[in-house]
Structures are given as structure tokens and as C-alpha cells.
Amino acid sequence: MKLKVAVIGGGPAGIIAAGAAAERGHDVLLFEKNEQLGKKLFITGKGRCNITNAAPIEEFFDNIVTNRNFLYSSLYTFDNNAIIDLLGRYGLSTKVERGNRVFPKSDKSSDVIKAFKRYLDQVGVDIRLNSEVSHIKYDGESFTVFIKNGGEFTFDRLVVTTGGKSYPATGSTGDGYLFAKSVGHTITELRPSLVPIELSDSWVKELMGLSLKNVSLTAYQGKKEVHSEFGEMVFTHYGISGPIVLSMSNYVNDIRSDLRLTLDLKPALDEEKLDARIIRDFNQFSNKQLKNALNDLLPQRLIPWVIKASGIYPDKVVHQITKEERESLVTALKNFPLHFKGFRPIEEGIVTSGGVNVKEINPSTMESKIIPGLFFAGEIIDVDALTGGYNLQIAYSTGYLAGINV
């Protein structure tokens, strides 16, 4: 049966939902508030568009932080190979880089958008740009979509793919949560995900721009270890950012109190081996002051703050340092304290954690369990994952499941 279908939101989930529904012979209108489709896609992967991840689909679930079980049907129905094949059919060549991240060969996110646009044109989706939806109504049988600049449209089915609240400049301003609530859905608490962390340490401004590689960041709640990440990070004027910090935020953004962070600056060495390394350096620089004897071990800008954490007088000559003081230095290097203040605002998060409660959505179809004919897909749902193309794949997969089931 041919149906009139509305899709609100022209991001990755909306594009795939609209295309999949149109391929099945339905009349599909795609409403996008911006002047172009996929505005957020333009900035992913630092402007190159990290389309998806090439890892086996079963490995995706290890990288999904919130409600991974909800996504089994969607990810296995429309997987990473499916989106690569679809884009390939519409002229986009891809390549795989470090971490199995998939990018367009051209390194241009605009080429991804062009391929999606060719797809929608081919299958006959009616794209309405500059069409911001103000509200929706459901009368028990059909859906009415009201456009802010005038006009209202009635549909048999409605798919809401408006994204979250992160990067509001791209159009993700939380509209869809209001639409969902207006028809009876509950929204779980919205939190920033994949977001930098603010520190209360005043010295952090002096380290702004300092990048560290091969370090371990660990979070504790009280004495309990919550999560640990190994890799790269960078100091900013407000705290810390970089890959391990963004990933860490996914695992700790629901902790309300007593969150502690420590940095292991030498995770490849246990305390005994690190102590031996320090002894070698001390033998080499025995007549120098401590503050001038750690250049082989640490970036110069970080040295004063590690020494301060150790409690050793920085002007003390190396050959006068006691074994106990050396042990304090080892502790400072392995457990450098970072005093957590909070997360950067949700608008700065790569994705939004929280959203339409998955208990109210059929995971096999993406249809609302409350309102028949209403579907959700993408970031508006309470699901989120780590960086590396996983969140975009969730958008495609849930969008496809919604599109084929309208």
C-alpha cells in the first residue's frame, strides 16, 4: 500500500530513512530546517566525514556505550558494508584508515553529501529545505506536520530524525524531543557525550596546547575504578580534551559526585621499572637541580607540576634526593592528579547521550510502542557510542529500519 510519509531531519538517519521508504514505493517528504542536507556530516572526521567503521559488525557492540542490545536488529539489518555499498553505487569511493575508520577517498565530506543527494533524487524523495517544523499533531489515524514559515501537511506515517542537542549551529537544537514528548514519549536525561572535561586546577592554563601520547587516564568514584583509557590527550585552557578524554566522558557522564581522575604518564613502565629509569637519569644529572633533571622523562612544561605533585623541593640537587622522595616522584608520575570540575556544555559534545526512551520503541522496526505509525531513528534515541564512525553507523542502521517498516 502506497503511504504518505514524512521524515523530519535531513541528517544521516533521515536521509537513509527517507530513501528506504521511497524505494518501497511510498510518497516521501523530507523536511530539513537548514539550507542543505547533512550539515553535521560536513564537520565529522574534522571535515573529512568519518562515514563508518570497517570493523566486523559484531565488534561494533564493544564500542556502543548506551543501550547496545537495542541496536542488534538495526546494525545486523543494515551494516557498515551496506552503507559503503550504497554510497559506492552513487559515485563515492572510500578508503580505510587507522582504527578501521572509513573516509571518502577525496577527503571531502561534501562528496558524501553529494552521493546521498543523488540517492534521494534517484528514488524520488521530495526534499524540502529551509523547512523548520514547529510542532506535530496526531489525531489517532494520521500525523499533521506544521512548518514555521507557513503550511501544514498530513501524513500516514512520521519518522523523526532530528538529532540531539550537540552542535546546535548545525540545526541539532533538540526539537525532536519536544515532538516526542508532545505525543506521550518520555525523554531520558540529556547529557553531553564525547565531550571535553573541565578541571579546577588553575595551572592547566599554562599547559594549554600540550599534547601527550601513550598515557593512561583513569576515573574513580571514591576508591572504585570506573574506567580507564590509553592513548592521546591534550591540555586546553579549561581542562583536557583529545581522544582518550572524549571516550572517557561517555563512561562517566552519569556520575554526579566524587569523581576523581588520575593520569599515568608512563603506563609502559611499572613502578619498579620506572624507579630504575629515574635512577639512571639521576646518575646522569646528579649535580643538577631536580627541575632541570627530568627533561628526558617529561615534556618541559609539565615538569614543574609533576614535581609539585611529588612534594619535592624543585631546587633540590639530584644527588641529595632520598629514596622516599624518589618513590614520591614515581607515585606522581603514575598517579598524576587531575581535579575534575565538570564537562563542557552539551552543545560542545560530539553526540548527545540520552533521548527518547528505548523501552518505548520497537527495536525491530524503530516504531513507537505508544503511537502507531510514528518512528524514531538516529541520535534522538537514547543510544550513543565511541568515536570512530560508530555513531554515524547507528544513524544509518536505525534510519534504514524505520524506512523499510513505515
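Above this note sits the structure.
Residues numbered from 1 in each chain as written. Predicted model: local features only at pLDDT ≥ 70, side-chain atom pairs only at ≥ 80, totals over all residues. Heavy atoms only, no water.

## So, the overall build of the protein chain
Reasoning step 1: Secondary structure summary: the protein chain contains 11 helices and 22 strands in total.
Reasoning step 2: Across its three principal axes, the protein chain shows a C-alpha extent of roughly 85 × 40 × 35 Å.
Reasoning step 3: Taken over 406 residues, the protein chain has a buried fraction of 56%.
Reasoning step 4: Counting contacts in the protein chain only where the partners sit at least 6 residues apart, residues at least 24 apart contribute 72% of the total.
Reasoning step 5: Within the protein chain, the 47 negative side-chain charges are centred at a point lying 3 Å from the centre of the 47 positive side-chain charges. (Helix = DSSP H or I, 4+ residues; strand = E, 2+ residues; numbered from the N terminus. Buried < 20%, exposed > 50% of the residue type's maximum accessible area, 1.4 Å probe, protein only. Contact = heavy atoms within 4.5 Å. Lys, Arg positive; Asp, Glu negative; His and termini not counted. Charge placed at Lys NZ, Arg CZ, Asp CG, Glu CD.)

## Details of helix α1 (residues 12–23)
Reasoning step 1: Look at α1: 16 Å from first C-alpha to last across 12 residues, which is about the 16 Å you get at 1.5 Å a residue.
Reasoning step 2: When we look at burial in α1, the residues that qualify are P12, A13, G14, I15, I16, A17, A18, G19, A20, A21 and A22.
Reasoning step 3: Those residues of α1 hidden inside the fold are in contact with β1 (4–8), β2 (27–31), α4 (80–89), α5 (109–123), β11 (157–160) and α11 (390–405).
Reasoning step 4: G25 occupies a position one or two residues after α1 and carries a positive phi of about 90 degrees. (Expected span 1.5 Å × (residues − 1).)

## A few points about a negative patch on the surface
Reasoning step 1: On the surface, D270, E271, E272, E324 and E327 cluster together into a patch of negative charge.
Reasoning step 2: Counting residues per element, the ones that place at least two in the negative patch are α8 (271–284) and α10 (323–334).
Reasoning step 3: Examined against the element boundaries, E324 turns out to sit in helix α10.
Reasoning step 4: Owing to a relative accessible area of 53%, E324 belongs among the exposed residues under this scheme. (Patch = residues over 30% accessible without salt bridge, like charges linked within 9 Å, V, L, I, M, F, W, Y side chains within 5 Å. Areas by Shrake-Rupley, 256 points an atom, 1.4 Å probe, with all protein chains shown as cover. Salt bridge = Lys/Arg side-chain N within 4 Å of Asp/Glu carboxyl O.)

## A few points about unusual backbone geometry
Reasoning step 1: Positioned with a positive phi, N67 is a non-glycine residue whose angle comes to about 55 degrees.
Reasoning step 2: Within the secondary structure layout, N67 lies in the loop between β4 (64–66) and α3 (72–77).
Reasoning step 3: Its identity as a non-glycine residue notwithstanding, N100 has a phi of 65 degrees, on the positive side.
Reasoning step 4: Topologically, N100 is positioned in the loop between β5 (94–97) and β6 (101–104).
Reasoning step 5: Looking at N100, the relative accessible area reads 35%, which means it is partly exposed.

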